[in-house]
Amino acid sequence: VYARRSGRDVSDLPFYRAFASWRLACILDGVSSRYQAGAMGDDGFEWQPLDTTVVHLADAARTQLEESR
């Protein structure tokens, strides 16, 4: 609907979605690494779910990139 109404080309959208997923995975991986190293203090934050989220986002990025081909 957006493409039709705006007249904009959205054919590269899967690439940008893949890039956003990959970028967020990298950011969260860095946050997780800092928590694991103790650099973020000990506030009781459960960082283990971040690792699962990073893998999920990286997989999503790969799928979205494959869709853009």
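Treat the numbers as computed from the prediction; the structure is a model and nothing was measured.

Tallied over the full model, the rule gives 1 aromatic pair. For the ring pair Phe15 and Tyr16, a centre distance of 5.2 Å and an interplane angle of 80 degrees mean the geometry is edge-to-face.

Before going further, it helps to examine the side chain of Ser21. Checked against the element boundaries, Ser21 lands in helix H2 (residues 13–37). With relative accessibility at 12%, the residue Ser21 sits in the buried group.

What follows is about a nonpolar patch on the surface. Taken together, the side chains of Tyr2, Val10, Leu13, Phe15, Tyr16, Phe19 and Leu65 present a nonpolar region at the surface, about 700 Å² in accessible area. For the nonpolar patch, the element with the most residues is H2, which contributes 4 residues. Along the chain, Leu65 turns up in helix H3 (residues 48–67).

Between the first and last C-alpha of H2 there are 36 Å, a value that for 25 residues agrees with the 36 Å anticipated at 1.5 Å per step. Along H2, the residues that are buried comprise Ala18, Ser21, Ala25, Leu28, Gly30, Val31, Ser32 and Tyr35. Tucked into the core, H2 has its buried residues touching H3. The positive-phi residue at the C-terminal boundary of H2 is Gly38, with phi of around 85 degrees.

Another point: the pattern of salt bridges. As enumerated under the stated definition, the model contains 1 salt bridge in all. In this structure, the salt-bridge partner of Arg62 is Asp59, at a minimum N-O distance of 3.9 Å. One end of the pair is Arg62 and the other is Asp59, both in helix H3 and 3 residues apart, which spans about a single turn. Among the residues examined, Arg62 registers a relative accessible area of 53% and is labelled exposed. By relative accessible area, Asp59 is classed as partly exposed at 40%.

Right, let's talk about the environment of Thr63 for a bit. Following the sequence through the fold, Thr63 ends up in helix H3. Residue classification places Thr63 among the partly exposed residues on the basis of a relative accessible area of 40%. Each C-alpha atom, one on Thr63 and one on Glu46, is 28 Å from the other, the two residues being 17 residues apart in sequence.

Cut-offs used in this document
Residues numbered from 1 in each chain as written. Predicted model: local features only at pLDDT ≥ 70, side-chain atom pairs only at ≥ 80, totals over all residues. Heavy atoms only, no water. Phe/Tyr/Trp six-rings, centres within 6.5 Å; stacked < 30°, edge-to-face > 60°. Helix = DSSP H or I, 4+ residues; strand = E, 2+ residues; numbered from the N terminus. Buried < 20%, exposed > 50% of the residue type's maximum accessible area, 1.4 Å probe, protein only. Patch = residues over 30% accessible without salt bridge, like charges linked within 9 Å, V, L, I, M, F, W, Y side chains within 5 Å. Areas by Shrake-Rupley, 256 points an atom, 1.4 Å probe, with all protein chains shown as cover. Salt bridge = Lys/Arg side-chain N within 4 Å of Asp/Glu carboxyl O. Expected span 1.5 Å × (residues − 1). Contact = heavy atoms within 4.5 Å.

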